[in-house]
Amino acid sequence: MERLDKILGNMGYGSRKEIKESVRKGLVTVNGIVAKDPGMKADPEKDVIVIDGEEIVYRKYIYLLMNKPAGVVSATFDNHDTTVVDLLPFDYKSFEPFPVGRLDKDTVGLLLLTNDGELNHRLLAPKSHVDKVYYVNLENEADESDIEAFRKGLEIDGGYRCMPADLVISEDDRKEVHVTIREGKFHQVKRMFKARGNEVTFLQRVSFGPIVLDEDLDEGEIRELTDEEINMLQNL
Ligand code: URA
(Lines give C-alpha, C1' and ligand atoms only; values in the text may rest on other atoms or scores of the structure.)
Protein backbone atom coordinates (compact mmCIF):
# COMPACT_ATOMS: atom_id res chain seq x y z
CA MET A 1 0.00 0.00 0.00
CA GLU A 2 1.24 3.45 -0.85
CA ARG A 3 0.05 7.03 -0.44
CA LEU A 4 -2.32 8.08 -3.19
CA ASP A 5 -0.37 11.29 -3.94
CA LYS A 6 2.84 9.28 -4.23
CA ILE A 7 1.29 6.77 -6.62
CA LEU A 8 -0.12 9.52 -8.83
CA GLY A 9 3.06 11.60 -8.61
CA ASN A 10 5.23 8.66 -9.61
CA MET A 11 2.95 7.98 -12.54
CA GLY A 12 3.44 11.52 -13.79
CA TYR A 13 0.00 12.87 -12.93
CA GLY A 14 1.38 16.10 -11.50
CA SER A 15 3.27 17.44 -8.52
CA ARG A 16 2.20 16.59 -4.97
CA LYS A 17 0.59 20.04 -4.80
CA GLU A 18 -1.38 19.59 -8.01
CA ILE A 19 -2.53 16.16 -6.93
CA LYS A 20 -3.64 17.54 -3.55
CA GLU A 21 -5.66 20.14 -5.43
CA SER A 22 -7.27 17.48 -7.65
CA VAL A 23 -8.22 15.48 -4.55
CA ARG A 24 -9.65 18.60 -2.90
CA LYS A 25 -11.78 19.20 -5.98
CA GLY A 26 -13.09 15.63 -5.78
CA LEU A 27 -11.48 14.64 -9.08
CA VAL A 28 -9.82 11.48 -7.78
CA THR A 29 -11.64 8.23 -7.05
CA VAL A 30 -10.40 4.95 -5.65
CA ASN A 31 -12.60 1.97 -6.55
CA GLY A 32 -15.36 4.39 -7.45
CA ILE A 33 -15.30 6.29 -4.16
CA VAL A 34 -14.17 9.91 -4.14
CA ALA A 35 -10.86 10.22 -2.31
CA LYS A 36 -10.91 12.73 0.54
CA ASP A 37 -7.27 12.61 1.57
CA PRO A 38 -4.24 12.72 -0.76
CA GLY A 39 -2.38 10.71 1.89
CA MET A 40 -4.85 7.82 1.87
CA LYS A 41 -3.32 4.43 1.23
CA ALA A 42 -4.09 2.50 -1.92
CA ASP A 43 -2.72 -0.54 -3.69
CA PRO A 44 -1.75 0.60 -7.19
CA GLU A 45 -1.72 -2.98 -8.46
CA LYS A 46 -5.27 -3.79 -7.31
CA ASP A 47 -7.25 -0.62 -6.74
CA VAL A 48 -8.88 1.20 -9.65
CA ILE A 49 -7.69 4.77 -9.41
CA VAL A 50 -9.27 7.43 -11.61
CA ILE A 51 -8.08 11.02 -11.88
CA ASP A 52 -10.09 13.57 -13.80
CA GLY A 53 -12.02 10.80 -15.56
CA GLU A 54 -8.90 8.89 -16.57
CA GLU A 55 -8.10 5.50 -15.10
CA ILE A 56 -4.42 5.28 -14.30
CA VAL A 57 -2.42 2.52 -15.90
CA TYR A 58 -0.07 1.40 -13.22
CA ARG A 59 3.28 -0.08 -13.99
CA LYS A 60 6.02 -0.99 -11.65
CA TYR A 61 8.92 -1.26 -14.06
CA ILE A 62 10.27 0.98 -16.73
CA TYR A 63 12.65 0.02 -19.55
CA LEU A 64 14.41 2.80 -21.41
CA LEU A 65 16.88 3.00 -24.25
CA MET A 66 19.14 6.04 -24.33
CA ASN A 67 21.50 7.13 -27.04
CA LYS A 68 24.11 8.20 -24.52
CA PRO A 69 25.99 11.36 -25.42
CA ALA A 70 29.68 11.88 -24.61
CA GLY A 71 30.53 13.73 -21.40
CA VAL A 72 27.99 12.10 -19.09
CA VAL A 73 28.67 9.26 -16.69
CA SER A 74 26.73 6.00 -16.46
CA ALA A 75 25.59 6.41 -12.87
CA THR A 76 22.55 7.56 -10.94
CA PHE A 77 24.44 10.21 -8.98
CA ASP A 78 27.79 11.94 -9.28
CA ASN A 79 29.35 14.84 -7.41
CA HIS A 80 31.05 16.37 -10.43
CA ASP A 81 29.58 15.08 -13.66
CA THR A 82 26.17 14.99 -15.25
CA THR A 83 24.80 11.47 -15.10
CA VAL A 84 22.63 9.61 -17.60
CA VAL A 85 19.82 9.69 -15.03
CA ASP A 86 20.09 13.50 -14.83
CA LEU A 87 19.16 13.56 -18.53
CA LEU A 88 15.84 11.77 -17.99
CA PRO A 89 12.55 13.65 -17.85
CA PHE A 90 10.95 13.73 -14.40
CA ASP A 91 8.23 11.23 -15.33
CA TYR A 92 10.90 8.61 -15.91
CA LYS A 93 13.14 9.69 -13.04
CA SER A 94 10.34 9.04 -10.57
CA PHE A 95 10.67 5.31 -11.33
CA GLU A 96 14.26 5.54 -10.07
CA PRO A 97 15.86 3.79 -13.05
CA PHE A 98 19.56 2.98 -13.19
CA PRO A 99 21.87 2.14 -16.09
CA VAL A 100 22.29 -1.53 -17.03
CA GLY A 101 26.08 -1.71 -16.92
CA ARG A 102 28.35 1.12 -17.87
CA LEU A 103 29.66 3.01 -20.83
CA ASP A 104 32.71 5.20 -20.33
CA LYS A 105 32.18 8.95 -20.07
CA ASP A 106 33.45 9.47 -23.63
CA THR A 107 31.58 6.47 -25.10
CA VAL A 108 28.31 7.15 -26.92
CA GLY A 109 25.42 4.97 -27.98
CA LEU A 110 23.03 2.39 -26.70
CA LEU A 111 22.49 2.33 -22.96
CA LEU A 112 19.59 0.57 -21.29
CA LEU A 113 18.09 1.96 -18.09
CA THR A 114 15.57 0.21 -15.91
CA ASN A 115 14.37 -0.14 -12.33
CA ASP A 116 13.97 -3.91 -12.83
CA GLY A 117 16.78 -5.12 -10.59
CA GLU A 118 16.25 -8.75 -11.42
CA LEU A 119 16.58 -8.24 -15.18
CA ASN A 120 19.60 -6.01 -14.64
CA HIS A 121 21.24 -8.71 -12.59
CA ARG A 122 20.59 -11.40 -15.16
CA LEU A 123 21.83 -9.32 -18.09
CA LEU A 124 25.05 -8.45 -16.30
CA ALA A 125 25.79 -11.83 -14.71
CA PRO A 126 29.27 -12.94 -15.83
CA LYS A 127 27.87 -16.12 -17.33
CA SER A 128 25.09 -14.44 -19.30
CA HIS A 129 27.41 -13.53 -22.23
CA VAL A 130 25.10 -11.09 -23.94
CA ASP A 131 26.54 -9.91 -27.30
CA LYS A 132 27.46 -6.24 -27.33
CA VAL A 133 28.41 -4.64 -30.63
CA TYR A 134 30.55 -1.50 -30.83
CA TYR A 135 31.39 0.73 -33.76
CA VAL A 136 34.97 1.87 -33.30
CA ASN A 137 37.27 4.41 -34.93
CA LEU A 138 40.95 3.62 -34.53
CA GLU A 139 44.16 5.59 -34.56
CA ASN A 140 45.77 3.03 -36.91
CA GLU A 141 44.41 0.63 -39.50
CA ALA A 142 43.31 -2.81 -38.33
CA ASP A 143 44.35 -5.94 -40.24
CA GLU A 144 43.78 -9.67 -40.50
CA SER A 145 46.13 -10.39 -37.57
CA ASP A 146 43.86 -8.29 -35.34
CA ILE A 147 40.83 -10.30 -36.46
CA GLU A 148 42.69 -13.50 -35.62
CA ALA A 149 43.88 -12.20 -32.23
CA PHE A 150 40.35 -11.10 -31.28
CA ARG A 151 38.97 -14.45 -32.42
CA LYS A 152 41.43 -16.41 -30.31
CA GLY A 153 40.87 -14.36 -27.14
CA LEU A 154 43.20 -11.47 -26.44
CA GLU A 155 45.22 -11.02 -23.30
CA ILE A 156 44.80 -7.46 -22.08
CA ASP A 157 46.74 -5.48 -19.49
CA GLY A 158 46.48 -7.01 -16.06
CA GLY A 159 46.82 -10.46 -17.61
CA TYR A 160 43.11 -11.06 -18.23
CA ARG A 161 42.34 -13.26 -21.21
CA CYS A 162 39.23 -12.05 -23.03
CA MET A 163 36.63 -14.37 -24.46
CA PRO A 164 36.73 -14.71 -28.24
CA ALA A 165 35.46 -11.56 -29.92
CA ASP A 166 34.50 -10.75 -33.50
CA LEU A 167 36.23 -7.98 -35.39
CA VAL A 168 34.89 -6.75 -38.73
CA ILE A 169 36.95 -4.18 -40.63
CA SER A 170 35.19 -1.71 -42.90
CA GLU A 171 35.99 -2.17 -46.59
CA ASP A 172 36.25 1.59 -47.13
CA ASP A 173 38.44 2.50 -44.20
CA ARG A 174 40.50 0.05 -42.15
CA LYS A 175 40.41 2.44 -39.20
CA GLU A 176 36.67 1.79 -38.91
CA VAL A 177 35.65 -1.48 -37.31
CA HIS A 178 32.80 -3.26 -35.57
CA VAL A 179 33.61 -5.38 -32.53
CA THR A 180 31.34 -7.89 -30.82
CA ILE A 181 32.19 -8.78 -27.24
CA ARG A 182 30.32 -11.10 -24.90
CA GLU A 183 31.52 -9.77 -21.58
CA GLY A 184 31.97 -6.32 -20.13
CA LYS A 185 35.25 -5.71 -18.38
CA PHE A 186 36.22 -2.17 -17.44
CA HIS A 187 37.36 -0.25 -20.59
CA GLN A 188 37.35 -3.58 -22.39
CA VAL A 189 37.27 -2.48 -26.02
CA LYS A 190 39.89 0.22 -25.46
CA ARG A 191 42.14 -2.24 -23.65
CA MET A 192 41.74 -4.84 -26.38
CA PHE A 193 42.97 -2.42 -29.03
CA LYS A 194 45.73 -1.18 -26.74
CA ALA A 195 46.91 -4.79 -26.46
CA ARG A 196 47.19 -4.71 -30.28
CA GLY A 197 49.29 -1.52 -30.20
CA ASN A 198 46.35 0.52 -31.46
CA GLU A 199 44.11 3.15 -29.88
CA VAL A 200 40.38 3.82 -29.87
CA THR A 201 39.54 7.38 -30.93
CA PHE A 202 35.74 7.00 -31.00
CA LEU A 203 33.52 4.36 -29.42
CA GLN A 204 29.81 3.85 -29.93
CA ARG A 205 27.73 0.91 -28.73
CA VAL A 206 25.26 -0.06 -31.43
CA SER A 207 23.56 -3.06 -29.86
CA PHE A 208 23.03 -4.92 -26.64
CA GLY A 209 21.78 -8.48 -27.19
CA PRO A 210 18.70 -8.21 -29.39
CA ILE A 211 18.28 -4.47 -28.79
CA VAL A 212 19.63 -2.23 -31.55
CA LEU A 213 20.26 1.51 -31.42
CA ASP A 214 17.77 3.38 -33.62
CA GLU A 215 19.43 5.42 -36.36
CA ASP A 216 17.00 8.29 -35.85
CA LEU A 217 17.49 8.54 -32.08
CA ASP A 218 19.83 11.49 -31.57
CA GLU A 219 22.48 11.51 -28.87
CA GLY A 220 20.82 12.38 -25.57
CA GLU A 221 17.42 11.11 -26.74
CA ILE A 222 15.51 8.41 -24.94
CA ARG A 223 12.70 6.06 -25.82
CA GLU A 224 10.88 3.30 -24.01
CA LEU A 225 11.55 -0.26 -25.08
CA THR A 226 8.64 -1.95 -26.87
CA ASP A 227 6.88 -4.92 -25.23
CA GLU A 228 8.55 -7.13 -27.83
CA GLU A 229 12.02 -5.84 -26.91
CA ILE A 230 11.32 -6.31 -23.20
CA ASN A 231 10.21 -9.89 -23.87
CA MET A 232 13.36 -10.57 -25.88
CA LEU A 233 15.52 -9.37 -22.98
CA GLN A 234 13.51 -11.37 -20.44
CA ASN A 235 13.95 -14.50 -22.56
CA LEU A 236 17.69 -14.19 -23.22
N1 URA B 1 34.62 -0.79 -23.81
C2 URA B 1 35.24 0.36 -23.46
O3 URA B 1 36.45 0.46 -23.51
N4 URA B 1 34.48 1.39 -23.07
C5 URA B 1 33.13 1.35 -23.03
O6 URA B 1 32.48 2.34 -22.68
C7 URA B 1 32.50 0.15 -23.41
C8 URA B 1 33.28 -0.92 -23.78
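Keep in mind the model is a prediction, meaning the values are calculated, not measured. (Residues numbered from 1 in each chain as written. Predicted model: local features only at pLDDT ≥ 70, side-chain atom pairs only at ≥ 80, totals over all residues. Heavy atoms only, no water.)

**Q** Explain the nonpolar core to me, please; I cannot follow it from the model alone.
**A** The nonpolar side chains of a soluble globular protein tend to be buried with one another. Membership of the largest hydrophobic core comes to 32 residues, with the highest contact counts inside it found for V136, F150, V177, V179, V189, M192 and F193. If you list the elements that add at least two residues to this core, you get β7 (63–68), β9 (108–114), β10 (132–138), α5 (144–152), β11 (166–169), β12 (176–181), α6 (188–195) and β13 (200–208). Apart from residues no more than four positions distant in its own chain, V136 is found in contact with K175, E176, V177, V179, V189, F193, V200, F202 and L203. Counting 15 residues, the second largest nonpolar core, distinct from the first, contains L112, L119, F208 and L213. (Core = buried A, V, L, I, M, F, W, Y, C linked by side-chain atoms within 4.5 Å. Buried < 20%, exposed > 50% of the residue type's maximum accessible area, 1.4 Å probe, protein only. Helix = DSSP H or I, 4+ residues; strand = E, 2+ residues; numbered from the N terminus. Contact = heavy atoms within 4.5 Å.)

**Q** Teacher, can you tell me more about the site of the ligand here?
**A** Taken together, L103, D104, T107, Y134, H187, Q188, V189, K190 and L203 make up all the residues around the ligand. The side chain of D104 places a nitrogen or oxygen atom 2.7 Å from a nitrogen atom of the ligand. At 3.2 Å, a backbone N or O of H187 approaches an oxygen atom of the ligand. A total of 240 Å² of accessible area belongs to the ligand in isolation, and the protein chains cover 96% of it. The leading source of residues in the shell around the ligand is α6, at three residues. (Near = heavy atom within 4 Å. Polar contact = N/O pair within 3.5 Å; in protein donor to acceptor, adjacent residues only side chain to side chain. Areas by Shrake-Rupley, 256 points an atom, 1.4 Å probe, with all protein chains shown as cover.)

**Q** Can you walk me through the pairing of β9 in this structure?
**A** Two faces belong to every sheet, and in a regular strand the side chains alternate between them. Within β9, seven of the seven residues are buried, which leaves the element mostly enclosed by the surrounding structure. As paired elements, β7 and β9 share six bridges and run antiparallel to each other. The residue of β9 that forms the bridge with M66 is L111. Two strands pair when backbone bridges link them, and strand β8 (residues 98–99) and β9 are joined in this way by two bridges, in the antiparallel orientation. (Pairing = 2+ DSSP bridges.)

**Q** What is the right way to read the domain arrangement of the chain from this model?
**A** Size of an interface: often given as the accessible area lost when the parts come together. Looking at the chain, the domain boundaries give domain 1 (2–55), domain 2 (63–126 + 211–234) and domain 3 (132–208). Here the C-alpha centre of domain 3 lies 23 Å away from the C-alpha centre of domain 2. Of the residues lining the interface, 14 residues belong to domain 2; the matching set on domain 3 comes to ten residues. A buried area of about 1,100 Å², summed over both sides, lies between domain 2 and domain 3, and 51% of it is on carbon and sulfur atoms. (Domains from an automatic or database assignment. Buried area = accessible area lost by both parts, 1.4 Å probe.)

**Q** Got a minute to help me understand the packing of aromatic side chains in this structure?
**A** In this description, an aromatic ring pair is defined by two values, namely the gap between the centres and the angle between the planes. By the definition in use, this model includes three aromatic pairs. Arranged with centres 6.4 Å apart and planes meeting at 55 degrees, the rings of Y61 and Y63 form a pair that is tilted. For Y63, a relative accessible area of 11% corresponds to the buried category. Where Y135 meets F202, the ring centres are 6.1 Å apart and the plane angle is 65 degrees; that geometry is what we call edge-to-face. (Phe/Tyr/Trp six-rings, centres within 6.5 Å; stacked < 30°, edge-to-face > 60°.)

**Q** Got a minute to help me understand helix α2 (residues 16–24) in this structure?
**A** Because the α-helix completes a turn every 3.6 residues, residues three or four places apart line up on one side. Turning to α2, its buried residues number three or more, namely I19, S22 and V23. Taken end-on, α2 shows its buried residues confined to a sector of 100 degrees, consistent with a single buried face. Seen from the buried face of α2, the exposed residues on the opposite side, beyond 90 degrees, are K17, K20 and R24. In this fold, the buried residues of α2 make contact with α1 (4–10), β2 (28–30) and β5 (49–51). (Arc of directions from axis to C-beta.)

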